[in-house]
Amino acid sequence: MNTPRMKVRHALILIGCLLVTTSASAIVADAQPKADGAAITAQPGSATTTPVVTLANEKTTVAVSSEAYTKPKAKKPSTADHSKFSELDKDFKTGPEVTKACLECHTEAAKQVHNTKHWTWEYLNPVTKQKLGKKSIINNFCTAVTSNQTFCSACHVGYGWSDDSFDFTSEANVDCIACHDTTGSYKKIPGLSGHPNYEKMEWPPHSGKFREAVDLKKIAQNIGKTSRQTCGACHFYGGGGNAVKHGDLDSSLTNPKRYLDVHMESDGLNFTCGDCHVSDSHEVSGSRYAPTATDDEGALIRGKRNGRNPTTCVACHGNTPHPGNTTITAKLNAHTDKLACQTCHIPEFARGALATKMSWDWSTAGKLDEKGQRIIEKASNGRVSYDSKKGHFTYDRYVIPEYVWFNGNVKYTLFGEKVEGDKVNINTFLGSADDPDSRIWPVKVFRGKQPYDVGNETLAVFHTAGKDDSAFWGNYDWDKALEWGMREAGMKYSGEKKFVETEMSWPITHMVAPKEDAMRCEQCHTENGRLQAIDGIYMPGRNNTPLVDKIGFTLALLALLGVLIHGGIRYLMSKRG
Amino acid sequence: MERMYIFKRFERFWHWSQAALIMFLMLTGFEVHGSYTFFGFQQAVAYHTIAAWTLVGLWVFAVFWHLTTGEWKQYIPTMDKVVAMFRYYLTGIFTNAPHPFKQTRLKKHNPLQRLAYLFVLLVINPLIWTTGWFYLFYNSWKDWGVDWLNIEYVALFHVIAAFMMLIFFIAHVYLATAGHTPTAHIKAMITGWEETD
């Protein structure tokens, strides 16, 4: 039967099949995730320091490859040695004296600062027309600046803001040092209205520790560029302590490892805050009051601003940031129409081992022990869980964000706005699946319980800190604190308060993980995955089609059953002969 | 016993590589759909896409082959002996009754086969290919001016077509054992030579 000719044919068929399978597997291997290829790809921080620049598209935008380059560390960043200036060779008594010296050369600096949010603490949202900024908004941490300026202004770039009489036109009151100190010895003390301590003082209060008087001459002679330390002095400590407020900003970013932040890694790219938050005339770009949720215009060529925000991921990485054109990277690039980069590349926040505050319940504040003393309790993680001054807290780290559609517009519930019910959204991120300017963003949702003026139907402002008989901290009398706070905010306290539940969302955008730690497809493309709560989109793997699946698999099963029975009968019949 | 050379070399190559690809596409496709986890979503998507394009490539050759050899005529439907075929599968096959259809080189497929393959060619394949391509090029919809399409429905019809293919596959594999011996048809598809009684 088997002729030699047929054997040759069989061999040919076999070879053909082998060729198909091997070539197919070769193509498949090409599509393996890049993590496997990491060994042959140059790592940032390795010998090569050449910037890898690729033309992203025909619009002549240039995108920085994620295999970026190591920034050479500047040895002498400045062309001026401030210690050689006679203007600074003085024994300054106060901060404003230093500022006057600065302004002798930097004549326009204070005027520039006067126009910034860092000075005004005001921001007018051009879309919602809401007046925002630290001066105006109520949050669910320390709640409000009004009536508490002497403390809050420890993070104001000015000197002397203690109440509404502060002169916002004074140039000498601009604090240059807060942002430009390089010695690390400058500290604005809460309670001193934005001043450092000019004399030796006990700090923290009742700690038995003392801070030496600030050496303004040394600081002035070493003045320099902003740094992670200077920005961090306020932005890492927002909300009353390290890591408390943002969740993606804390002191672990002062000297981070690659795992924590791929751009800021001390031994790698070593970005400062200012490398992304590019400044122009002292106005620092990138603000959570008006975030850029979406930018479709590709990488931003230097020199070309066009009013665009230079702080975004897109500004450097473009809209097709995943290199190569494999099945997977092409698909990842296609995801930028729905996802913010942050959603995949910041898989958790508070990743620097420091826990961030997740909730704050003011309603339990004010309890004292039998002796009438302040109570402080700590949780097993070492962080305060109860403080008579502030109430109950919870902290958490390596937190999985919540996800929302976000188009960059945030609507706030402002002081004086009438709100009903027992739940108030301090802010709401606007956006939806139908809105082409919306992307899915990770957020930290901070949950609190805080005073509400029942008669005035508004979130209440209360007087927290101050050396008087009404400040809540020290007197523990809500009515007095509320009366003072509401009066300062321009409203008469109705006399009746309650505590309402509040939620405030914070965009997660720092602590960018290296690509090997980015989210995997299957973390979202599955039932009950990360994006389970996101509505308005179809996601393979998350949304299956229960009815069609049921019908389809039932019919397939019936077909299988049918052929098995048919085959079984055939078999039995053939046995019987 | 007669022997007849029915399936030519390219045809056999086409058949088996297509069979492998379709099985692989079903395996990866239902994983992407979320029915189970095997390769992991990312790999399943990558494999599914690559297998789909490979099948497209194979089809370019297959269409050319069918047109140039005139083999497309094998799928022209006929109702002749369809009833007889049904009767055969329902009773005759169990009692060793003679097969109502006599295979020749010009008529390789029995009338039921013709109808089934034509259904695959005219219904399942167009549905699965069109929806698959739209699915694959989801990000180009706006440029193509078809962003009125709804990905949910595109995916739904792709899945419906996949279920039809799965059912066809089950029936096809089983009926491959319905030759004069259980392995006769399968052997013929490998060697090209069909043995008939």
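Conventions and cut-offs
Residues numbered from 1 in each chain as written. Chains lettered and ligands numbered in written order. Predicted model: local features only at pLDDT ≥ 70, side-chain atom pairs only at ≥ 80, totals over all residues. Helix = DSSP H or I, 4+ residues; strand = E, 2+ residues; numbered from the N terminus. Buried ≥ 20, exposed ≤ 12 C-beta atoms within 10 Å, placed from the backbone. Contact = placed C-beta atoms within 7 Å. pLDDT = per-residue confidence, 0-100. Axes fitted to C-alpha atoms, helices over the stretch in contact; angles between N-to-C directions. Parallel < 35°, antiparallel > 145°, perpendicular 65-115°, else oblique. Left-handed = near helix turned anticlockwise from the far one by under 90°. Nonpolar A, V, L, I, M, F, W, Y, C, P; charged D, E, K, R; others polar. Core = buried A, V, L, I, M, F, W, Y, C linked by C-beta atoms within 7 Å. Pairing = 2+ DSSP bridges.

On to the overall build of chain B. Helix and strand content of chain B: seven helices and two strands. Along chain B, from the amino end to the carboxyl end, the secondary structure elements read β-α-α-α-α-α-α-α-β. Expressed along its principal axes, the backbone C-alpha trace of chain B runs to roughly 60 × 35 × 30 Å. When each of the 197 residues of chain B is scored for burial, the buried share is 22%.

Moving on to the overall build of chain A. Across its full length, chain A carries 15 helices and 19 strands. Pairs at least 24 residues apart make up 66% of the contacts formed inside chain A by residues separated by at least 6 positions.

Per-residue confidence for chain A averages 88 on the pLDDT scale, and 87% of its residues sit at or above 70. Across residues 17-62 of chain A the pLDDT falls below 50, and counting only partners more than four positions away or on other chains, this stretch makes 56 contacts in the model.

Moving on: the packing of helix H11 (residues 327-334) of chain A against helix H2 (residues 41-69) of chain B. The geometry of H11 of chain A relative to H2 of chain B is characterised by a closest axis approach of 9 Å and an angle of 110° between their N-to-C directions. When the interaxial angle is binned, H11 of chain A and H2 of chain B end up roughly perpendicular. Classified by chirality, the crossing of H2 of chain B by H11 of chain A is right-handed. The segment H11 of chain A lies against H2 of chain B, with Thr327, Ile328 and Lys331 of chain A engaging Gln42, Val45, Ala46, Thr49 and Ile50 of chain B. Its residues assigned to classes, the contact of H11 of chain A with H2 of chain B comprises four nonpolar, three polar and one charged.

Once that is clear, we can look at the packing of helix H15 (residues 546-576) of chain A against helix H6 (residues 151-175) of chain B. Direction vectors running N to C along H15 of chain A and H6 of chain B enclose 5°, while the axes themselves pass 9 Å from each other. For the element pair H15 of chain A / H6 of chain B, the angle class is roughly parallel. Residue-level contacts link Val548, Gly552, Leu555, Ala556, Ala559, Leu560, Val563 and Gly567 of chain A of H15 of chain A to Leu156, Val159, Ile160, Phe163, Leu166, Ile167, Ile170, Ala171 and Tyr174 of chain B of H6 of chain B. Across the contact of H15 of chain A with H6 of chain B, the residue classes tally to 15 nonpolar, two polar and no charged.

Here we come to the environment of Tyr259 of chain A. Residue and element names in this part refer to chain A. Within the secondary structure, Tyr259 sits in the loop between helix H8 (228-235) and helix H9 (273-276). Taking C-alpha positions, Tyr259 is 24 Å from His335, a pair spaced 76 residues apart along the chain. Residues contacting Tyr259, with those up to four places away along its chain left out, are Pro514 and Asp517.

Residues and elements named next belong to chain A. Here the amide bond leading from Trp203 into Pro204 is cis, since omega sits at -5°, within 30 degrees of zero. For Pro204, the position within the fold is in the loop between strand S5 (201-202) and strand S6 (210-211). In this model, His206 sits at a positive phi of 60°, which is unusual for a non-glycine residue. Notably, Ser281 is not glycine yet its phi reads approximately 50°, a positive angle. Relative to the helices and strands, Ser281 is located in the loop between strand S7 (279-280) and strand S8 (283-284). A tally of 11 C-beta atoms within 10 Å means that Ser281 is categorised as exposed.

Let us now look at the nonpolar core. Considering soluble globular proteins, one finds that nonpolar side chains tend to be buried as a cluster. All names here are of chain A. Counting 61 residues, the largest nonpolar core has Ile138, Val404, Trp441, Ala460 and Val461 as its most contacted members. For this core, the element with the highest residue contribution is strand S17 (residues 439-453), accounting for five residues. Residues in contact with Ile138, not counting those within four places in the same chain, are Thr143, Ala144, Phe415, Ile426, Leu459 and Val461. Leu88, Ala101, Ala110 and Val113 belong to the second largest nonpolar core, which has 19 residues in total.

All right, on to the interface of chain B and chain A then. Of the residues lining the interface, 34 residues belong to chain B; the matching set on chain A comes to 38 residues. Elements represented by at least two residues in the side of chain B that touches chain A include exactly helix H1 (9-33), H2 and H6 of chain B. By residue number, the principal contributor to the side of chain B that touches chain A is H6 of chain B, which donates 12 residues.

Bringing the pairing of strand S19 (residues 497-507) of chain A into the picture now. All names here are of chain A. With three bridges connecting them, strand S15 (residues 423-425) and S19 associate as parallel partners. Among the inter-strand pairings, Asn425 is bridged to a residue of S19, identified as Glu503. Note that S17 and S19 share 11 bridges and pair antiparallel. By the bridge assignment, Pro451 is partnered in S19 with Phe499.

On average, residues of chain B score 93 in pLDDT, and 99% of them reach the 70 mark or higher. In the model output, the complex is listed with pTM 0.86 alongside ipTM 0.93.

The next point concerns the environment of Asp248 of chain A. Residues and elements named next belong to chain A. One can find Asp248 in the loop between H8 and H9. Taking the C-beta count within 10 Å as the criterion, Asp248 has 27 such neighbours and is therefore assigned buried. Residues Asp248 and Val399, spaced 151 residues apart in sequence, show a C-alpha to C-alpha distance of 10.0 Å. Contact partners of Asp248, with chain neighbours within four places excluded, come to Ile346, Phe349, Ile508, Thr509, His510 and Met511.

Quick look at H8 of chain A now. Within H8 of chain A, the full set of buried residues consists of Arg228, Thr230, Cys231 and Ala233 of chain A. In the core, the buried residues of H8 of chain A are packed alongside helix H6 (177-180) and H9 of chain A.

Let us now look at the environment of Glu194 of chain B. Residues and elements named next belong to chain B. Along the chain, Glu194 turns up in strand S2 (residues 193-196). C-alpha of Glu194 to C-alpha of Thr104: the two residues are 90 residues apart in sequence and 9.8 Å apart in space. Once you skip the residues sitting within four places of it in the chain, Glu194 turns out to touch Met4, Ile6, Gln103 and Ala188.

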